[in-house]
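Topology and contacts: notes
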Amino acid sequence: MLHFGIDVSRDKLDCAVVDEQGQRVKRGRTFKNDPQGIIELTRWARETAVEQALSMVMEATAAYHELAAARIHFAGLIVSVVNPAQVRALAKGLGMLSKTDSIDALLLAQYSRLARPRQWRPTESTLKDFSAMLMRLDCLEGDLRRERNRREQAAVRGSAECILSSIDACIEFLHEQCKAMRKTIDSHIAANDSLSGNVMRLRTIPAVGEKTAMRMAAILTANNFSSGKEAAAYLGLVPIKCESGSSVRGRSRLSKAGNPRVRASLYMAAVVAKKINPDIKDLYERLCAQGKTKMSALGACMRKLVHLCYGVLRSGRDYVRPEARLS
């Protein structure tokens, strides 16, 4: 198998290719990051591989990688989109301190050979639009909170009326935008039976509210997770241990590798769930009785919530309380 590394930028795609032993097969090439350039890239990759299997790897680079990843996938080639932080960690491990486009392309090819990342598949348009709507609502609500904080500070300082009026106008505009986006999201859910069913199913889990249900429906259906553990790891909810020898005994912490907004939503859901959700309540009380800190126990509750959400969507059934499972 040949491994192609593609370093993505706004205007160009820098490519390098290595074999299974990590040796360069051909001199790297650069293509434009546009439809014609991607066609030339796929043609060059096929000519280079001849009859050998090939694997392509690129980093997630804002939105600039999406066109190339989709075109390469629909051309029938294997492409993976990986986390840039993991690739930089490999660079440090290999002692590659310099960073240029050609070096990054070679590094990505080596990453493909060593890590064997999972094949990327495009998200269906309905889920892609849904995720974009939720992200936009998050941005609008964040802007609205910041403007309200500015309004409070301006009032405390005794700012001029023109300043207060300007902030009030922004608050009113953002409030209306949030309302409009929520209506759009509700209409989008109502128009899609599968998405609507998933959100309603997740709402049957005690403590999973509307916003958490929508976030989890978007994430769990857009990503092909093989288990609840994998979904929890994707969201940054797995514990990271810090132990070495007899002297290093650091406190475990969450990896926090995923979306912070989703984790914040799951945290609030876990705070409520430890009181009203029987599965989460039993887990929280058991861990606290074992001497775990409250924050550590809450982290475990967040992971348990993800497992419950994954199980509900995987089974296609509503949440069933523990006592009902025994009957």
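These notes cover the structure that comes with them. (Residues numbered from 1 in each chain as written. Predicted model: local features only at pLDDT ≥ 70, side-chain atom pairs only at ≥ 80, totals over all residues. Heavy atoms only, no water.)

What follows covers the overall build of the chain. Looking only at helices and strands, one finds 13 helices and 7 strands in the chain. C-alpha extents for the chain along the principal axes are approximately 60 × 60 × 50 Å. Out of the 327 residues belonging to the chain, those deemed buried represent 41%. Within the chain, contacts between residues separated by at least 24 positions form 60% of all contacts whose residues are at least 6 apart in sequence. With the model as given, the accessible surface of the chain reaches about 18,500 Å², and the carbon-plus-sulfur share is 51%. Placing the 52 positive and 34 negative side-chain charges of the chain at their respective mean positions leaves the two points 6 Å apart. (Helix = DSSP H or I, 4+ residues; strand = E, 2+ residues; numbered from the N terminus. Buried < 20%, exposed > 50% of the residue type's maximum accessible area, 1.4 Å probe, protein only. Contact = heavy atoms within 4.5 Å. Areas by Shrake-Rupley, 256 points an atom, 1.4 Å probe, with all protein chains shown as cover. Lys, Arg positive; Asp, Glu negative; His and termini not counted. Charge placed at Lys NZ, Arg CZ, Asp CG, Glu CD.)

Once that is clear, we can look at the pattern of salt bridges. Pairing between side chains becomes possible if they bear opposite charge and their charged atoms approach one another. Across all of its chains, the model carries 14 salt bridges by this definition. The partner of R10 in a salt bridge is D11, with the nearest N and O atoms 3.3 Å apart. Here R10 and D11 have matching classes, each one exposed. Linked through salt bridges whose partners overlap, the residues forming this network are K12, D14 and D101. (Salt bridge = Lys/Arg side-chain N within 4 Å of Asp/Glu carboxyl O.)

What follows deals with the sheet that holds strand β4 (residues 54–59). Pairing is mixed across the open sheet formed by 5 strands, whose spatial order is β3-β2-β1-β4-β5. Each having just a single partner strand, β3 (24–32) and β5 (78–82) make up the two edges of the open sheet. When the angles between neighbouring strand axes are averaged without regard to direction, this sheet yields 20 degrees. Sheet analysis places strand β1 (residues 2–8) next to strand β2 (residues 12–18), joined by 6 bridges and oriented antiparallel. For H3, the partnering residue across the bridge sits in β2 and is V18. Sheet strands in contact with helix α1 (residues 35–49) are β1, β2, β3 and β4, and its direction is about 170 degrees off that of β3. (Pairing = 2+ DSSP bridges. Axes fitted to C-alpha atoms, helices over the stretch in contact; angles between N-to-C directions.)

Further remarks concern the packing of helix α7 (residues 193–203) against helix α8 (residues 210–222). At a closest axis distance of 9 Å, the pairing of α7 and α8 adopts a crossing angle of 125 degrees. The orientation of α7 relative to α8 falls into the category oblique. Taken as a pair, α7 and α8 cross one another with a handedness that is right-handed. Contact residues: α7 offers L195, N198, V199, L202 and R203, while α8 offers E210, A213, M214, M216, A217 and T221. (Parallel < 35°, antiparallel > 145°, perpendicular 65-115°, else oblique. Left-handed = near helix turned anticlockwise from the far one by under 90°.)

Right, let's talk about the side chain of E147 for a bit. Mapping E147 onto the fold places it in helix α5 (residues 125–157). The class for E147 is buried, based on a relative accessible area of 12%.

One pass over the full model with this rule turns up 3 aromatic pairs. Ring geometry for F4 versus W44: centroids 5.7 Å apart, planes at 85 degrees, classification edge-to-face. You can see F4 sitting in strand β1 and its partner W44 sitting in helix α1, a full 40 residues away along the chain. Through a chain of ring-to-ring contacts, three or more aromatic side chains come together here, namely F4, F31 and W44. Taking the ring centre of Y284 as reference, the NZ or CZ of K274 above it sits at 5.0 Å. (Phe/Tyr/Trp six-rings, centres within 6.5 Å; stacked < 30°, edge-to-face > 60°. Lys NZ or Arg CZ within 6 Å of the ring centre and 35° of its normal.)

To continue, consider the environment of A213. With respect to the secondary-structure elements, A213 resides in helix α8. Along the sequence, A213 and C309 sit 96 residues apart, while their C-alpha atoms lie 8.4 Å from each other. Once residues lying within four places of it in the same chain are set aside, the contact partners of A213 are V199, L202, R203 and V208.

Helix α12 (residues 294–315) packs onto α7 with a crossing angle of 135 degrees between their chain directions and a minimal axis gap of 10 Å. When the axes of α7 and α12 are compared, the pair comes out oblique. Here the hand of the crossing between α7 and α12 comes out right-handed. Facing α7, whose interface residues are N198, R201 and L202, α12 presents C309, V312 and L313. Partitioned by chemical class, the residues of the contact of α7 with α12 number 4 nonpolar, 1 polar and 1 charged. (Nonpolar A, V, L, I, M, F, W, Y, C, P; charged D, E, K, R; others polar.)

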